[in-house]
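As a plain string of letters, each chain reads:
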Amino acid sequence: MGLLSGMMGNASKLDPRAAAKEFGRLLAQGEQVHAAYQLVRDSFVFTDRRLILVDKQGMTGKKVEYHSIPYRAITQFSVETAGHFDLDAELKIWVSSHDVPISKQFGKGVDVYEVQALLAAFVAR
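Undergrad: What should I look at first to understand the overall build of the protein chain in this one?
TA: In terms of helices and strands, the protein chain carries three helices and eight strands. In the protein chain, the succession of helices and strands from N to C terminus is α-β-α-β-β-β-β-β-β-β-α. When the 125 residues of the protein chain are sorted by exposure, 37% land in the buried category. The long-range fraction of contacts in the protein chain, counting pairs at least 24 apart against all pairs at least 6 apart in sequence, stands at 35%. As displayed, the protein chain offers around 7800 Å² of accessible surface, 53% of which is attributable to carbon and sulfur atoms.

Undergrad: Would you explain the pairing of strand β3 (residues 43–47) in this entry?
TA: Of all five residues in β3, five are buried, a share of seventy percent or more. As judged from the five bridges shared by strand β2 (residues 33–38) and β3, these two strands associate in the antiparallel manner. Along β3, the bridge assignment pairs Val33 with Thr47. Pairing between β3 and strand β4 (residues 50–57): four bridges, direction antiparallel. Residue pairing for β4: Phe44 is matched across the bridge by Leu53.

Undergrad: It is not clear to me how the nonpolar core should be interpreted in this structure. Could you clarify?
TA: Ranked by size, the top nonpolar core spans 21 residues in total, and within it Tyr37, Phe46, Leu51 and Phe106 carry the most contacts. Of all elements in the fold, only β2, β3, β4, β7 (89–95) and α3 (112–123) reach the threshold of two or more residues within this core. Excluding its chain neighbours within four sequence positions, the residues that come into contact with Leu51 are Phe44, Val45, Phe46, His67, Ser68, Ile69, Tyr71 and Ile93. Core analysis: the second largest hydrophobic core is formed by nine residues, Leu14, Ala36, Val45 and Ile52 among them.

Undergrad: Can you walk me through the side chain of Ser43 in this structure?
TA: With respect to the helices and strands, the residue Ser43 is situated in strand β3. Under the relative-accessibility criterion, Ser43 is labelled buried at 4%. In this view, Ser43 contacts Phe23, Tyr37, Gln38, Ile52, Leu53 and Val54; residues no more than four positions away in its chain are not counted.

Undergrad: So what exactly am I meant to see when it comes to the pattern of salt bridges here?
TA: Close approach of charged atoms allows side chains of opposite charge to pair. Following the criterion strictly, the structure yields three salt bridges and no others. The shortest N-O distance in the salt bridge between Glu114 and Lys13 comes to 2.5 Å. Here Glu114 is found in helix α3, whereas its partner Lys13 is found in strand β1 (residues 10–14), with 101 residues between them in sequence. According to the relative accessible area criterion, Glu114 is partly exposed, its value standing at 28%.

About the criteria used
Residues numbered from 1 in each chain as written. Predicted model: local features only at pLDDT ≥ 70, side-chain atom pairs only at ≥ 80, totals over all residues. Heavy atoms only, no water. Helix = DSSP H or I, 4+ residues; strand = E, 2+ residues; numbered from the N terminus. Buried < 20%, exposed > 50% of the residue type's maximum accessible area, 1.4 Å probe, protein only. Contact = heavy atoms within 4.5 Å. Areas by Shrake-Rupley, 256 points an atom, 1.4 Å probe, with all protein chains shown as cover. Pairing = 2+ DSSP bridges. Core = buried A, V, L, I, M, F, W, Y, C linked by side-chain atoms within 4.5 Å. Salt bridge = Lys/Arg side-chain N within 4 Å of Asp/Glu carboxyl O.

These figures come from the coordinates and say nothing about function on their own.
See below:
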């Protein structure tokens, strides 16, 4: 991922095995990582049980917030594909009891349809 792309908030895809190793301490016994994406410092991880948002804070990034969202708490989601002038796709996720969606930008290297299919599979359970 290029530095400019990262500064613009675009996500890039991570290897699920590498993400499982990096965030292994967060996973419950038997929980598996299916997909992961990374911004410059922040990440989000799709497991078979929940969505984990990783927010590195401060100048050094040593302080980290791990926000776990069970798929059953997701009330709706949308994807907006990239256009001719807008090169980024956008994912919005609404969580129960929150009016404002969680929004993530995806660069050209991420298949937003794949992300949508993951959410559809897990939320529909």
